[in-house]
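Residue-level structure breakdown
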Amino acid sequence: MNRTTLSLLAGTAALAAVTGFATLSSPQAASSTAAAAELPVERTSLLCPAPSTSEVAETSYTSFTPVTKDTGDDGKAELKAAAEESDGQSQSKGQSQSKSKAKSKGKKKPAKPVLTPKEPGTPVTGDTSGGDAPALVGTAEGKFAPGWTVQETTEVAAGAGRGLQGVNCSAPDTEFWFPGASTAADRTDYVHLTNPDDSAAVVDIELYGKNGALDSTLGEGITVAPHSSDPILLSTLTEEKQDDLTVHVNVRSGRVGAAVQALDDKLGGDWLAASTDPSGSLVLPGIPKDATAVRLVAYTPSDSDADLKVRLASPSGLITPAGNETLHVKGGMTSAVDLGDVTRGEAGSLVLTPTDDSVPVVAALRVVRGKGANQETAFIPATRPVGTRATVADNTAKGSTLSLTAPTGTATVKVTASAGSEGGEAVSKTFTIKAGTTQNVEAPIPTGLKGTFALTVEHVSGGPVYGARTLAATEDGVPGFTIQTLPDDRGMVAVPEADEDLSVLQK
């Protein structure tokens, strides 16, 4: 076996342990490896968008890492303001609505770190107010990296988007899909782009409506400066007013974090997180049982049409909503349908499956609670399953609801409530979710809780489980709420172990 082959195997294993991403696709390589070992990732990044431009906004951040075996004793997790190292202006043909304009050219002083936790297993929180809070760029290393999660929660007392807005800070990537955005007259939607790297990122933003792609060249070749963030107002990319849009963010060079902030003049607002990758079957978990209106928005990037069976996973099993048994999605076009109060006072999750040929689709739900002037909005994107483990931070004893669904087979999960950010001890419970059902489980609360806490869901046995957390805070009769899904935290990575007999690689 030559040195090149040995170096390749060693390098690939090291890359997996550090970044969480590595594959060996060669048939010969695959045949020479034993069962892959699961090792904790050693470094991860998260990006938090600038929370609000409202002067009456109150924002809290919660950083949390679950305890993971075999991580060692060293490491750290830090969040810093996205410091603009250029003049802070994206080259985006005038449509960028940057909230942080550089006062002078040249490099700024390094931003001081915020939210530096002391130990895994205990959340740490921080607060800010007003409309000048910057986007944050974060890195976790060593024992703080596996499963690191940061929640950004903002209360806006009045104005467009008033209510509760929440988002899980996300990892940088090169492609994002956001079904459920809008350029309607009563909506103000921004795509927030955050670049964590030392070189500029170049991004294309494409909009797809009910008749296909919207004519616009203004979303092409947007340059996001190093270590900076820019919110792009959707209505500056097109003159068309459409209620339901799918936003496609495609990164030509570099990588960015992306999220859509959807602000409604009448229905409040929230963050719309990216849908999971296009797939023939999708799960959208955690519709609140008191939802008064639910709207499904779907899009297929395929040239072929998609026909989807629409079912609701209720506490008693899978049911088909009357009058909305199927959804037809034309190729390259966005489709939407109102499902009304589809949950009828019970916990529910939407399950989409192909009626015939499988065609990849992305989807999201817009959920409304309340009536009349006291209405608020949140979004549920299609998401990945919990997988090995998933975590959501910034929970409160009375305002949090954990919803779990097992669409294809009965499953068992363990739910752990962490220590509180200001005191308390962790507590765990085990739950069994029957096949085809959704349950709002009675999640544990830390003993002697002070402050907020994190909930970690671990898959124990059975079929795949999907989850979401609703965080509610009603003020002046307005039912403020936000929903975050619980996809696998990708804190562990499979690293192939070389067989003792590697002679096959010499051939």
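The notes below deal with the structure included here. Sequence order as written defines residue numbering, which begins from 1 separately in each chain. Residues qualify for local features only when their pLDDT is at least 70, as the model is predicted, and side-chain atom pairs are given and counted only at 80 or more; totals for whole chains, interfaces and linings, by contrast, use all residues. Side-chain calculation: all heavy atoms of the structure are included, whereas hydrogens and water are not.

Take the nonpolar core next. General note: in soluble globular proteins, nonpolar side chains tend to be found buried as a group. By nonpolar core we mean a set of buried residues, namely Ala, Val, Leu, Ile, Met, Phe, Trp, Tyr and Cys, connected to one another through side-chain atoms within 4.5 Å. Burial here depends on accessible area, computed with a 1.4 Å probe over protein chains only, as a share of the maximum for the residue type. Under 20% is buried, over 50% is exposed, and the range in between is partly exposed. If you look at the biggest cluster of nonpolar residues, it comprises 29 residues, and the most contacted ones within it are Leu 284, Ile 287, Leu 296, Leu 350, Leu 352 and Leu 365. Helix numbers and strand numbers start at the N terminus; a helix is a DSSP run of H or I with at least 4 residues, a strand a run of E with at least 2. Residue contributions to this core peak at four residues, all from strand β20 (residues 306–314). Contacts between residues were defined by any pair of non-hydrogen atoms, one from each residue, lying within 4.5 Å. When neighbours within four sequence positions are excluded, Leu 352 is seen to be in contact with Gly 280, Ser 281, Leu 282, Leu 284, Leu 296, Leu 308, Lys 309, Val 310 and Ala 363.

This paragraph deals with the pairing of strand β7 (residues 149–156). Counting buried positions over the eight residues of β7 gives seven, a clear majority of the element. We call two strands paired when DSSP finds no fewer than two bridges between them. Where strand β3 (residues 57–64) lies against β7, eight bridges are found, and the strand directions are antiparallel. Note on β7: the bridge partner recorded for Thr 62 is Gln 151. Taking the residues between adjacent antiparallel strands as the criterion, β7 and strand β8 (residues 163–168) are bridged by six residues, where Gly 159 takes a positive phi near 90°.

Attention now moves to the sheet that holds strand β5 (residues 124–129). Ordered in space as β5-β3-β7-β8, the four strands form an open sheet in which the pairing is antiparallel. Strands with a single pairing partner mark the edges of an open sheet, and in this sheet they are β5 and β8. Taken pair by pair, the neighbouring strands of this sheet meet at an average axis angle of 15°, ignoring direction. The pairing of β3 with β5 spans six bridges and is classified as antiparallel. From the neighbouring strand, Glu 58 faces β5, where its bridge partner is Ser 129. Here, axes are lines fitted to C-alpha atoms. For helices the fit covers the stretch in contact, and angles between N-to-C directions go from 0 to 180 degrees.

To count as a disulfide, a pair of cysteine sulfur atoms needs to be within 2.5 Å. Summed over all chains, the structure comprises one disulfide. A sulfur-sulfur separation of 2.0 Å characterises the disulfide bridge that pairs Cys 48 with Cys 169. The sign of the 110° torsion about the S-S bond sets the Cys 48-Cys 169 disulfide as right-handed. Here Cys 48 is found in strand β2 (residues 43–48), whereas its partner Cys 169 is found in the loop between β8 and β9 (175–181), with 121 residues between them in sequence. According to the relative accessible area criterion, Cys 48 is buried, its value standing at 0%. With relative accessibility at 7%, the residue Cys 169 sits in the buried group.

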